[in-house]
Structures are given as C-alpha cells and as structure tokens.
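Observations on the model geometry
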Amino acid sequence: MAELARFAKMNGLGNAIIVADMRGRSDRVTPDAARALAADQVTTFDQIMAIYDPVVGGTDNYIEILNCDGTQAQACGNGTRCVVQALAAETGRKTFTFETKAGILTAEEHEDGRISVDMGKPRFGWKEIPLAEEFADTSRIELQVGPIDAPIVHSPSVASMGNPHAIFWVDGDVNEYELDRFGPLLENHPIFPEKANITIAQVTSPETLTMRTWERGAGLTLACGSAACATAVSAARTGRTGRRVTVTLPGGDLEIYWREDDHVIMTGPAEWEFAGRFDPLTGDWQRETEGVA
Ligand SMILES: N[C@H](CCC[C@H](N)C(=O)O)C(=O)O
C-alpha cells in the first residue's frame with residue numbers, strides 16, 4: 001500500500017467535496033479511488049479536488065477535479081472555495097493562484113470567511129462549449145424534453161465555464177421539475193459530445209435567480225458553482241438580469257458578478273467537516289479527526 005495522502009471532507013453550499021493533498025507526491029488520485037470513496041457513506045462526495053505541486057510558474061498549485069463517477073471535470077467553483085479555505089487555514093495566506101484544466105484561476109478569502117474565485121471568462125462559441133453541430137446563437141438553442149407541442153423544458157442557453165453547461169429557463173418553481181428524470185437524458189444528449197451539466201433556472205428579479213443542477217458525472221447536487229456562473233452570464237447575456245446577481249441554489253446562495261473585463265467572480269462559503277488519510281490508488285481510508293459525518 002502506498003503512503004497515505006491527507007484529505008479533508010468539506011462542502012461548498014452542500015456540494016460535497018473531498019480536498020486531497022497530493023503535494024510532494026508523484027502518484028495521482030485514480031478513478032478507482034474516486035469511485036471507492038464515493039461509494040462509502042461517510043466519504044461520499046460530488047467532486048474530489050486533488051491538489052498537486054504547481055506545473056506552471058507563478059501558480060501555487062495544480063488542481064485536478066474528479067467527479068464521483070471517476071471522470072474528470074475542468075472546473076468546480078464550490079470545490080475551489082473549499083481548496084482556498086483549506087490552504088488559507090494551513091498557511092495563513094489569503095490569496096491563491098491555481099492552474100486547472102479550465103485555465104489559471106485566482107481566489108481570495110475575505111475577512112468574513114467567504115471566498116471569491118475568479119472563474120475566468122465564459123465562452124459561448126458552439127465549438128468551445130462544445131456542441132456537436134453549429135449554432136450561430138448559443139443563447140437559445142433548439143433542444144427540448146417532452147412532447148413536441150407541449151415541451152416540459154426547451155430552448156436552453158449554453159455556455160462553457162471551462163466545463164459545458166445548458167440552462168433551461170422556466171417560469172415556475174424549479175423544484176417542480178423532475179430534473180432527476182430528464183437530467184440524465186440531457187446530460188448524455190448527442191448534441192453535447194462531452195456531455196453537459198444541466199440546469200433549470202427561474203429569474204426572480206433583475207438581481208436574483210433560483211436554480212437546480214443535474215451535474216455531469218455526479219447527478220443532482222445541492223449546489224454547482226460553475227453552473228451558477230454559467231446561468232448568471234447567460235441571464236445577463238439574454239437581458240434577463242444585470243451583471244451582478246444573487247443565485248439561490250438548494251444548498252444556499254452565491255453572489256456572481258460578471259465583470260466588465262469579462263471575468264466571472266463567484267463568492268460564497270466553504271465548510272470543513274473532518275479529515276482523514278486515504279490511498280490514492282484504491283480509495284481505502286481512515287479517519288484522522290472527529291467531526292460531522
Ligand atoms: N460542482 C462543481 C462543478 C462540477 C462539474 C462537473 N460535474 C463537470 O463538469 O463534469 C462546481 O461547483 O462548479
């Protein structure tokens with residue numbers, strides 16, 4: 001058995017996160033280990049944020065993101081806040097720069113403990129999202145669920161925050177939609193060659209949105225930070241809201257600001273639960289501290 005790596009079980013608005021400390025190691029967290037930790041009732045999670053030594057100069061760490069099904073994600077907003085909280089507690093520092101598959105992100109812990117992450121620039125080109133066929137206008141693409149003449153949801157906005165998102169706008173309560181039924185169909189729809197995170201969103205005022213997300217590779221979650229960003233920019237882009245909104249997710253609220261320089265800033269909390277050690281090859285683990293479980 002390899003030397004065990006430290007991890008912290010955390011959450012960002014109920015989005016269940018494992019922060020895995022892989023600094024100074026040459027091995028990786030394997031998809032098998034991710035699936036084993038996901039299957040365990042105590043360590044079950046939506047995303048693992050594996051912190052590695054930096055690859056690119058000027059960054060603090062390289063972060064690899066694994067979904068609970070073992071696949072990789074390019075971006076994870078809630079998980080990035082958890083990483084910042086863990087590293088800030090360890091180092092006393094307040095600002096960090098990370099490299100992810102979505103690019104280089106900067107993040108900051110505020111005095112009140114909330115954390116802001118610069119999630120980078122959204123992308124709207126059909127090849128960038130990616131879509132399987134050309135759509136000139138990605139603010140409203142032809143796609144629907146349900147009968148042709150009485151669709152349940154239709155005409156989503158699509159966007160990339162490094163990872164692919166589709167946002168279906170609805171007039172009523174987002175909880176009344178059976179996202180657990182049509183989420184998987186849309187996640188795997190052939191229009192999304194790399195699959196997609198599926199959100200239903202209701203605009204409640206020019207500054208407020210309520211949404212739920214079926215996550216690619218993870219299913220229904222209490223919150224999805226990158227989806228909140230994709231939803232906020234899509235709402236602003238289509239004139240539904242301004243560029244600064246409060247997004248209400250099942251797990252709580254995020255503040256999203258789509259800055260004039262095109263960067264999307266997400267602000268919200270992170271919460272520590274307990275710490276342990278695990279084998280990055282197999283996912284075998286042991287508890288190190290008492291805590292919520
Ligand atoms: N929960 C994450 C996103 C996970 C994305 C993942 N499901 C994918 O794109 O495969 C967040 O807070 O942004």
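No experiment lies behind these values; they were computed from the predicted model shown.

1. A closer look at the site of the ligand
Surveying the vicinity of the ligand reveals 20 residues, the closest of which are Ala-73, Asn-78, Asn-163, Gly-225 and Ser-226. The dominant element in the shell around the ligand, judged by the number of residues it contributes, is helix α2 (residues 77-91), at three residues. Here the shell around the ligand is built from residues that sort into five nonpolar, twelve polar and three charged. Summarising the domain contributions, the shell around the ligand has at least three residues from each of domain 1 (5-119 + 271-287) and domain 2 (144-262).

2. What to know about the domain arrangement of the chain
Many structure descriptions define interface size as the accessible area lost when the parts assemble. Taken domain by domain, the chain holds domain 1 (5-119 + 271-287) and domain 2 (144-262). The straight-line distance from the C-alpha centre of domain 1 to that of domain 2 is 24 Å. Listed as interface residues are 21 residues of domain 1 and, on the opposing side, 19 residues of domain 2. Residue composition of the side of domain 1 that touches domain 2, by class: seven nonpolar, eleven polar and three charged.

3. Some points on the UniProt feature "active site" (unreviewed entry) in the chain
Per the UniProt annotation, the sites labelled "active site" (unreviewed entry) are Cys-76 and Cys-224. Across 149 residues of sequence, these annotated residues stay compact in space, with a maximum C-alpha separation of 7.5 Å. The contacts of Cys-76, once residues within four sequence positions are left out, are Gln-47, Met-49, Ile-65, Gly-225 and Ser-226. With respect to the element layout, Cys-224 can be found in the loop between β15 (219-220) and α4 (225-237). Every residue in contact with Cys-224, bar those within four places of it in the chain, is listed here: Asn-15, Asn-78, Asn-197, Thr-213 and Glu-215.

4. Focus: the UniProt feature "binding site: substrate" (unreviewed entry) in the chain
Mapped onto the present numbering, the UniProt feature "binding site: substrate" (unreviewed entry) falls on Asn-15, Gln-47, Asn-67, Gly-77, Asn-78, Asn-163, Asn-197, Glu-215, Arg-216, Gly-225 and Ser-226. The buried category is assigned to Asn-78, around which 34 C-beta atoms lie within 10 Å. If near-sequence neighbours (up to four positions away) are discounted, Asn-78 is found in contact with Gly-12, Leu-13, Asn-15, Ile-17, Ala-223, Cys-224 and Gly-225. Its location among the elements puts Arg-216 in the loop between β14 (208-215) and β15.

5. Section: the nonpolar core
Residues Val-19, Ala-20, Met-49, Ala-228, Cys-229, Ala-232 and Ile-256 are the most contacted members of the largest nonpolar core, which totals 83 residues. Considering each element in turn, this core owes the most residues, seven residues, to α4. For this core, the two domains that each supply at least three residues are domain 1 (5-119 + 271-287) and domain 2 (144-262). For Ala-20, the contacting residues outside a window of four places in its chain are Ala-5, Phe-7, Val-29, Ile-48, Met-49, Ala-50 and Ile-51.

6. Let's talk about the pairing of strand β2 (residues 15-21)
Of all seven residues in β2, seven are buried, a share of seventy percent or more. Residues Asn-15, Ile-17, Val-19 and Asp-21 of β2 are buried on one face, and the alternating residues Ala-16, Ile-18 and Ala-20, pointing to the opposite face, are buried as well. Relative to β2, strand β1 (residues 5-12) is paired through seven bridges, and the arrangement is antiparallel. Within β2, the position partnered with Gly-12 by the bridge is Asn-15. Counting the residues in the hairpin turn of β1 and β2 gives two residues, including Leu-13, whose phi is positive at 55°. Where β2 meets strand β3 (residues 47-52), five bridges bridge the pair, whose relative direction is parallel. Across the sheet, residue Ile-17 finds its bridge partner in β3, namely Gln-47. With helix α1 (residues 31-39) bridging β2 and its parallel neighbour β3, the resulting β-α-β unit is right-handed.

Calculation criteria
Residues numbered from 1 in each chain as written. Predicted model: local features only at pLDDT ≥ 70, side-chain atom pairs only at ≥ 80, totals over all residues. Near = placed C-beta within 6 Å. Helix = DSSP H or I, 4+ residues; strand = E, 2+ residues; numbered from the N terminus. Nonpolar A, V, L, I, M, F, W, Y, C, P; charged D, E, K, R; others polar. Domains from an automatic or database assignment. Contact = placed C-beta atoms within 7 Å. UniProt positions renumbered as here; feature names shortened; annotations may be inferred. Buried ≥ 20, exposed ≤ 12 C-beta atoms within 10 Å, placed from the backbone. Core = buried A, V, L, I, M, F, W, Y, C linked by C-beta atoms within 7 Å. Pairing = 2+ DSSP bridges. Right-handed = clockwise from strand over helix to strand, strands pointing away.

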